[in-house]
Amino acid sequence: MTDSAVTSILFVCLGNICRSPLAEGVFIHLANRAEVDVRVDSAGTGSWHVGERPDSRALAVARAHGVELPGHARRVGASDMSDFDYVIAMDRSNLAHLAALRRSSHGSARLHLLREFDSEAGRNKDVPDPYYGGRRGFEECFRIVERSCRGLLESLNHPPAHAPSGESPR
Ligand code: 4NP
């Protein structure tokens, strides 16, 4: 965990061009509106798209909702496991990758699935990957990400009373 008083969050998916940039942009948007100071970034477990801007369909759906997507794709690394307070995975495959990276790097970041914070999630807590689908998939992805980011922001403002501070859930 970092020393900074500002909470830091890294959103992670596979390519870092669809889901995690959406989560990054939406979370920044919501935090700014709520005047909550946070440091937010996103990354991918794969390296195919490193250096690229988000997918044009992700940019379009975000823009339609008044959300900007900053940044270029990068790959998640060992130092992220100590540089961020929270590392938030889009699906269980991302989470397994991150858990291994945290273990091998002795990192302290708290790992979660984004949909743990989705009030409407069922048993399946994956954010579906919209990359091989059409525009509707990106709309659905945006709605899931937005609902989950609202829940995440709320949970940062109101941490559970029974959780000792500094204790890592994973
Ligand atoms: P993301 O979507 O993980 O939400 O950014 C994908 C983007 C690219 C690929 C897969 C998923 N790809 O195979 O290139």
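Scroll up to find the structure this text is about.
Right, let's walk through the structure included here. Everything numeric in this text was worked out from a predicted model, so none of it was measured.

### A look at helix α1 (residues 19-33)
Part 1: With 15 residues, α1 ought to run about 21 Å at 1.5 Å a step, and its terminal C-alpha atoms sit 21 Å apart, in line with that.
Part 2: Within α1, 11 of the 15 residues are buried, leaving the element largely enclosed by the surrounding structure.
Part 3: Every buried residue of α1 is listed here: Arg19, Ser20, Pro21, Leu22, Ala23, Glu24, Gly25, Val26, Phe27, Leu30 and Ala31.
Part 4: Those residues of α1 hidden inside the fold are in contact with β1 (7-13), β2 (38-44), α2 (56-64), α4 (92-105) and α5 (135-157).
Part 5: Backbone geometry just after α1 places Glu35 at a positive phi near 55 degrees.

### Here's the deal with the sheet that holds β2
Part 1: Ordered by their spatial adjacency, four strands build an open sheet running β2-β1-β3-β4, and the pairing between neighbours is parallel. Looking along the sheet, the strands with just one partner apiece sit at the ends: β2 and β4 (110-113). In this sheet, neighbouring strand axes are inclined to one another by 25 degrees on average, regardless of whether the strands run parallel or antiparallel.
Part 2: The pairing of β1 with β2 spans seven bridges and is classified as parallel. Looking across to β2, one finds that Thr7 is bridged to Val38.
Part 3: Contacts between α4 and the sheet are confined to β1, β3 (86-89) and β4, with β4 contributing the most and set at about 170 degrees to the helix.

Conventions adopted
Residues numbered from 1 in each chain as written. Predicted model: local features only at pLDDT ≥ 70, side-chain atom pairs only at ≥ 80, totals over all residues. Heavy atoms only, no water. Helix = DSSP H or I, 4+ residues; strand = E, 2+ residues; numbered from the N terminus. Expected span 1.5 Å × (residues − 1). Buried < 20%, exposed > 50% of the residue type's maximum accessible area, 1.4 Å probe, protein only. Contact = heavy atoms within 4.5 Å. Pairing = 2+ DSSP bridges. Axes fitted to C-alpha atoms, helices over the stretch in contact; angles between N-to-C directions.

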